[in-house]
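The lines below spell out each chain.
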Amino acid sequence: MYHYAGNNPITYTDLDGNAAHIVFAALICGGIGAIKVACDKKSGREIFSAFVGGAVFGGMVAATGGLSLGSQITGGAMAGVASYFATCSVSGHEATPEGIVVSTVAGTTCVMLGSIFEKYTQIITSLTVFL
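Overview of the structure. All values reported here derive from a predicted model rather than from experimental measurement. (Residues numbered from 1 in each chain as written. Predicted model: local features only at pLDDT ≥ 70, side-chain atom pairs only at ≥ 80, totals over all residues. Heavy atoms only, no water.)

A closer look at the overall build of the protein
Scanning the protein from terminus to terminus reveals four helices and zero strands. Ordered by position from the N terminus, the helices and strands of the protein form the series α-α-α-α. Going through the 131 residues of the protein one by one, you find that 28% of them count as buried. By element, 71% of the accessible surface of the protein is carried by carbon and sulfur atoms, the whole surface being about 8,700 Å². (Helix = DSSP H or I, 4+ residues; strand = E, 2+ residues; numbered from the N terminus. Buried < 20%, exposed > 50% of the residue type's maximum accessible area, 1.4 Å probe, protein only. Areas by Shrake-Rupley, 256 points an atom, 1.4 Å probe, with all protein chains shown as cover.)

This is the structure:
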């Protein structure tokens, strides 16, 4: 998780800001998860667990962003499962096989949709140059 700091974030820092996108993605995804659960009028513990799960997912997906599509898809699947386990751990719920499968599929789908969206925006951007 702290690859930018040689797995030692206390001693080493990211002075160039090369890992800032990971922190921002974690905060944004965590915030979205927490807001969604808060709107459902859940308890504070469930809101916090949604924040943790979203942050884990967002950070892991952002960290694999520069890799090949196959690695990104694998990273999305792992991020989905890690997010699910983090949410279960914080909320005190027991992980289920169904939850693991759903989180794997959700993580993979998110990364694939993100890749499609990225390609689509590249096409649109290249077309606007001609207009």
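Picking up after the structure, the text goes on.
Describing the side chain of serine 103
Tracing the backbone shows serine 103 in helix α4 (residues 97-130). A relative accessible area of 10% places serine 103 in the buried class. Within the structure, the side chain of serine 103 is placed 2.9 Å from the backbone oxygen of isoleucine 100, a separation counted as a polar contact. Ignoring anything within four residues of it in the chain, the contact list for serine 103 reads Gly80, Val81 and Tyr84. (Polar contact = N/O pair within 3.5 Å; in protein donor to acceptor, adjacent residues only side chain to side chain. Contact = heavy atoms within 4.5 Å.)

Digging into the packing of helix α1 (residues 20-39) against helix α2 (residues 44-63)
It is at 6 Å that the axes of α1 and α2 come closest, and there the two elements cross at 150°. The way α1 lies across α2 gives a crossing that is right-handed. Residues His21, Ile22, Ala25, Ala26, Leu27, Cys29, Gly30, Gly31, Gly33, Ala34, Val37 and Ala38 of α1 form the contact with α2, whose participating residues are Glu46, Ile47, Ala50, Phe51, Gly54, Ala55, Gly58, Gly59, Ala62 and Ala63. Split into classes, the residues belonging to the contact of α1 with α2 amount to 14 nonpolar, seven polar and one charged. (Axes fitted to C-alpha atoms, helices over the stretch in contact; angles between N-to-C directions. Left-handed = near helix turned anticlockwise from the far one by under 90°. Nonpolar A, V, L, I, M, F, W, Y, C, P; charged D, E, K, R; others polar.)

Side note on a nonpolar patch on the surface
On the surface, Val23, Phe24, Leu27, Ile28 and Ile32 cluster together into a nonpolar patch covering about 520 Å² of accessible area. Within the element layout of this structure, isoleucine 32 appears in helix α1. (Patch = residues over 30% accessible without salt bridge, like charges linked within 9 Å, V, L, I, M, F, W, Y side chains within 5 Å. Salt bridge = Lys/Arg side-chain N within 4 Å of Asp/Glu carboxyl O.)

Points about helix α3 (residues 69-91)
Residues three or four positions apart in an α-helix share a direction because the helix packs 3.6 residues into each turn. Counted at 1.5 Å a residue, the expected span for α3 with its 23 residues is 33 Å, and the 32 Å between its end C-alpha atoms agrees. The first or second residue beyond α3 is glycine 92, which carries a positive phi of 85°. (Expected span 1.5 Å × (residues − 1).)

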